[in-house]
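Survey of secondary and tertiary structure
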Number of protein chains: 2
Amino acid sequence: MFEQLGLIGCGLMGGSFALACKRAGLVQRVVGYSKSPSTTERARQMGVIDVEAPSALLAVAGADLVLLAVPVAATGATLKAIRHLVTPQTLVMDVGSTKQDVVLAAQDALRERFGSFVPAHPIAGREVAGVEHADAALYRGAQVILTPTERTLTTQLQRATNLWRALGCRVSSMSPEAHDRGLAAVSHLPHLLAFAMMGAINTQDDADRLLAMAGPGFRDFTRIAAADPVLWRDVLLANREQVLEQSQHFAAALEQLQHAMRAGDTQLLQDLITLASTSRARWRLGDAALPTDH
Amino acid sequence: MFEQLGLIGCGLMGGSFALACKRAGLVQRVVGYSKSPSTTERARQMGVIDVEAPSALLAVAGADLVLLAVPVAATGATLKAIRHLVTPQTLVMDVGSTKQDVVLAAQDALRERFGSFVPAHPIAGREVAGVEHADAALYRGAQVILTPTERTLTTQLQRATNLWRALGCRVSSMSPEAHDRGLAAVSHLPHLLAFAMMGAINTQDDADRLLAMAGPGFRDFTRIAAADPVLWRDVLLANREQVLEQSQHFAAALEQLQHAMRAGDTQLLQDLITLASTSRARWRLGDAALPTDH
């Protein structure tokens, strides 16, 4: 389907994408670049990429498919560095967890070539980073949200959709704003709360003893707190308005529960927990389909 | 090791205990009672119990081992109903998630027979309830916290320790107060936060759309929100002082993170997330041992 994937950022997300594309026979050759030369070398040794490029621009030379798998804050600078080699025939995508900032940065960096860029967010990940954890199956079954604008080329949007589908993903599309609001609610806020949960334990003198008492519920609840600090710093700052707004909804729901506890209002407490429990028990990952607008 | 287990409450926790004891060859016979006759019947049909008893008292008749697996709020009434058959040779345990209230209720109900009661909390569970989910492996590898008092009979405490160890559990002991404070931090508060997270989504008009965007991080973070509402209503009320105190620590940690976001303080935000992420990445379920005081 594609001749050459130019991969910028050979970490967990980028490396897994390259492996998945290769395994599915979707790309013939992968040329990779990472900011750290040792990562690029490691990626080649592992067979994640075929050729090491010494710069982002050289990774893109000859590529008909470009994937940016860099921290969202680096999107603008990276796209500026490669823009001369982006043509209407190139499909350029990112994998960032926020989309409004990425779209703005891409418009500014790519200007008249912006139509080749299809903003993409595959909702998948691990609490571990680095190419050594790259996994051809990381995206299988995952949801991928594309956030095209009216300037996005229809042909590239269609190619992007087909590509992710061929990797076994469920593809949907929505506006960057709708994406960022939704992800604030179901991903960014949960991360913030998990960081706060670990912070709350760490500030107590007997933190080690408390952690020794923790069981499987705690393990799952805090799993996302082990996520990459720089990546999440950037996500929380890039989407801070939406995250802070969602955190108001959370504070109100928490206050209701605490009020029921303080008041000893058994029935209210049970009703609130029942609503939460029922909706969570009904929800299954991947059950509900989001619309594809194209 | 034991002749007869008198099982009061044949749900997930009780049923799994009976199955595990049978599989390990630790009890010869299980006589079971549940408030709902259909549950007791189901438990017998499934081979979880051998004999159905029509009352808690009759389940205990002839038993040298008694397990209460009922909601913590029902502990006192249940123990009162069986007290006539509790002797210094009987080992009586519960599996409740709170211990100060259980110990008080047991003292009141059992009076001079209180020494036979060894308060136990196996830190294991599922988001599903009912005997149909009973699993002989539920407790394997789990931590069991015993909270004996000075009136607890040494022989029964030792038998309790040996029994849980024979089921493959890590056994520790501490005061009921230390248990309740620790569990408030690492279990009860996380449940409260997970309930609030689901509540926050449910109050929004497009809750279904938001949930459709959720990925594996959300799935794990909210898994415990599907827990049994009545059980958790009771836990949160029984341990409310400690839970509300832990929730102050949480609020302070969350406010610090939100302050860094609002102020755009990149370094502070990164530092806070790094502390959380590092401590979570270092923690492994079952790595740290808690002391056994006996």
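Just so it is clear, the model here is predicted, and its values are computed rather than measured.

Describing the state of the cysteines
Here a disulfide denotes a covalent bond joining the sulfur atom of one cysteine to the sulfur atom of another. Residues and elements named next belong to chain A. Inspection of the entire model under this criterion finds zero disulfides over all chains. Free of any disulfide, Cys 169 has its nearest neighbouring cysteine sulfur in Cys 21, separated by 9.6 Å. Taking relative accessible area as the criterion, Cys 169 reaches 7% and is therefore assigned buried.

Here's the deal with the UniProt feature "domain: Prephenate/arogenate dehydrogenase" (unreviewed entry) in chain A
Look at the UniProt record and you will see "domain: Prephenate/arogenate dehydrogenase" (unreviewed entry) annotated at residues 3-291 of chain A. With 51% helix and 13% strand, the stretch residues 3-291 of chain A has end C-alpha atoms that lie 30 Å from each other.

A look at helix α5 (residues 100-110) of chain B
Owing to its 3.6 residues per turn, the α-helix brings residues three or four apart onto one side. All names here are of chain B. Within α5 the residues assigned to the buried category are Val 102, Val 103, Ala 106, Ala 109 and Leu 110. Down the axis of α5, the sector holding all buried residues measures 135°, keeping them to one side. Projecting away from the buried face of α5 at angles above 90 degrees are the exposed residues Leu 104 and Asp 108. Looking at the buried residues of α5, the elements they touch are α4 (75-82), β5 (91-94), β6 (117-118) and α7 (176-202). Positive backbone phi, approximately 45°, marks Arg 111, located one or two places after α5.

Brief notes about the interface of chain B and chain A
Contact residues are listed per partner, giving 83 residues for chain B and 83 residues for chain A. In total, chain B and chain A occlude about 7,700 Å² of area from one another, counting both sides; carbon and sulfur atoms represent 71% of this. Applying the counting rule to chain B against chain A returns four salt bridges. Note that Asp 206 of chain B and Arg 181 of chain A form a salt bridge whose closest N and O atoms lie 2.5 Å from each other. The interface formed by chain B and chain A holds 34 residue pairs in polar contact (both at pLDDT 80 or more) in total. Every element with two or more residues in the side of chain B that touches chain A is listed here: β8 (143-146), α7, α8 (207-212), α9 (216-222), α10 (229-238), α11 (240-262) and α12 (266-282) of chain B. For the side of chain B that touches chain A, the leading source of residues is α7 of chain B, giving 20 residues. Counted by class, the side of chain B that touches chain A contains 53 nonpolar, 20 polar and ten charged residues.

Brief notes about the relation of the copies chain B and chain A
Here chain B sits on chain A after a turn of 180° about the axis and a move of 0.0 Å along it, with an RMSD of 0.0 Å. Such a turn and shift between the copies fits a two-fold axis. Among all residues of chain B, the one whose C-alpha sits closest to the rotation axis is Phe 221 of chain B, at a distance of 2.0 Å. Here 100% of the interface residues in chain B have copies in chain A that are interface residues too; the copies meet face to matching face.

Thoughts on α7 of chain B
In α7 of chain B, a bend of some 55° at Ala 184 of chain B exceeds every other bend along the element. Counting buried positions along α7 of chain B gives 23 out of 27 residues, so the element sits mostly inside the fold.

Some thoughts on the packing of α11 of chain B against α12 of chain B
All names here are of chain B. The geometry of α11 relative to α12 is characterised by a closest axis approach of 8 Å and an angle of 150° between their N-to-C directions. If you check the angle between α11 and α12, you find them roughly antiparallel. In the packing of α11 onto α12, the handedness of the crossing is left-handed. Contact residues: Gln 256, Leu 257, His 259, Ala 260 and Met 261 in α11; Leu 268, Leu 269, Leu 272 and Ile 273 in α12. Partitioning the contact of α11 with α12 into residue classes produces seven nonpolar, two polar and no charged.

Describing the environment of Arg 170 of chain A
All names here are of chain A. Looking at where Arg 170 falls in the secondary structure, it is placed in strand β9 (residues 170-173). Under the relative-accessibility criterion, Arg 170 is labelled partly exposed at 27%. Put simply, Arg 170 and Pro 122 are 48 residues apart on the chain and 9.3 Å apart in space, counted from C-alpha to C-alpha. Those residues in contact with Arg 170 that sit more than four places away from it in its chain are Gly 141, Ala 142, Gln 143, Val 144, Gly 286 and Ala 288.

Observations concerning the packing of aromatic side chains
One pass over the full model with this rule turns up twelve aromatic pairs over all chains. The interplanar angle of 40° and the centroid separation of 6.4 Å between the aromatic rings of Phe 114 of chain A and Phe 117 of chain A together place this pair among those described as tilted. Like Phe 117 of chain A, Phe 114 of chain A is buried. Ring geometry for Trp 283 of chain A and Phe 218 of chain B: centres 5.3 Å apart, planes at 80°, overall edge-to-face. Residue Trp 283 of chain A is located in the segment after α12 (266-282), and its partner Phe 218 of chain B is located in helix α9; the two belong to separate chains. Residues Trp 283 of chain A and Phe 218 of chain B agree in their burial class; the two are buried. Aromatic ring contacts, followed pair by pair, group Phe 17, Tyr 139 and Trp 164 of chain A into a single cluster.

Focus on the pairing of strand β2 (residues 27-33) of chain A
Along any regular strand the residues' side chains alternate between the sheet's two faces. Residues and elements named next belong to chain A. Among the seven residues that make up β2, five are buried, leaving the element largely enclosed by the rest of the structure. Inspection of the sheet shows strand β1 (residues 2-8) paired to β2 by six bridges, in the parallel sense. Bridge assignment links Leu 5 to a residue of β2, and that residue is Val 30. Taken together, β1, helix α1 (residues 12-23) and β2 constitute a β-α-β crossover, and its handedness is right-handed. Between β2 and its parallel partner strand β3 (residues 51-52), the chain crosses via helix α2 (residues 37-45), and the hand of that crossover is right-handed.

A closer look at the domain arrangement of chain A
All names here are of chain A. Segmentation of chain A into domains returns domain 1 (2-174) and domain 2 (179-282). Of note, the centres of domain 1 and domain 2, computed from C-alpha atoms alone, are 31 Å apart. Across the contact, 14 residues belong to domain 1 and ten residues belong to domain 2. In total, domain 1 and domain 2 occlude about 1,100 Å² of area from one another, counting both sides; carbon and sulfur atoms represent 66% of this. Looking at the side of domain 1 facing domain 2, the largest losses of area belong to Ser 97, Thr 98 and Glu 127, adding up to 43% of the total buried there. On the surface where domain 1 and domain 2 come into contact, there are zero salt bridges. Between the two partners, domain 1 and domain 2, sit four residue pairs in polar contact (both at pLDDT 80 or more).

About the cut-offs
Residues numbered from 1 in each chain as written. Chains lettered and ligands numbered in written order. Predicted model: local features only at pLDDT ≥ 70, side-chain atom pairs only at ≥ 80, totals over all residues. Heavy atoms only, no water. Disulfide = S-S within 2.5 Å. Buried < 20%, exposed > 50% of the residue type's maximum accessible area, 1.4 Å probe, protein only. UniProt positions renumbered as here; feature names shortened; annotations may be inferred. Helix = DSSP H or I, 4+ residues; strand = E, 2+ residues; numbered from the N terminus. Arc of directions from axis to C-beta. Contact = heavy atoms within 4.5 Å. Buried area = accessible area lost by both parts, 1.4 Å probe. Salt bridge = Lys/Arg side-chain N within 4 Å of Asp/Glu carboxyl O. Polar contact = N/O pair within 3.5 Å; in protein donor to acceptor, adjacent residues only side chain to side chain. Nonpolar A, V, L, I, M, F, W, Y, C, P; charged D, E, K, R; others polar. Least-squares fit on C-alpha atoms with pLDDT ≥ 70 in both. Bend = angle between axes of the 7 residues up to and from the residue. Axes fitted to C-alpha atoms, helices over the stretch in contact; angles between N-to-C directions. Parallel < 35°, antiparallel > 145°, perpendicular 65-115°, else oblique. Left-handed = near helix turned anticlockwise from the far one by under 90°. Phe/Tyr/Trp six-rings, centres within 6.5 Å; stacked < 30°, edge-to-face > 60°. Pairing = 2+ DSSP bridges. Right-handed = clockwise from strand over helix to strand, strands pointing away. Domains from an automatic or database assignment.

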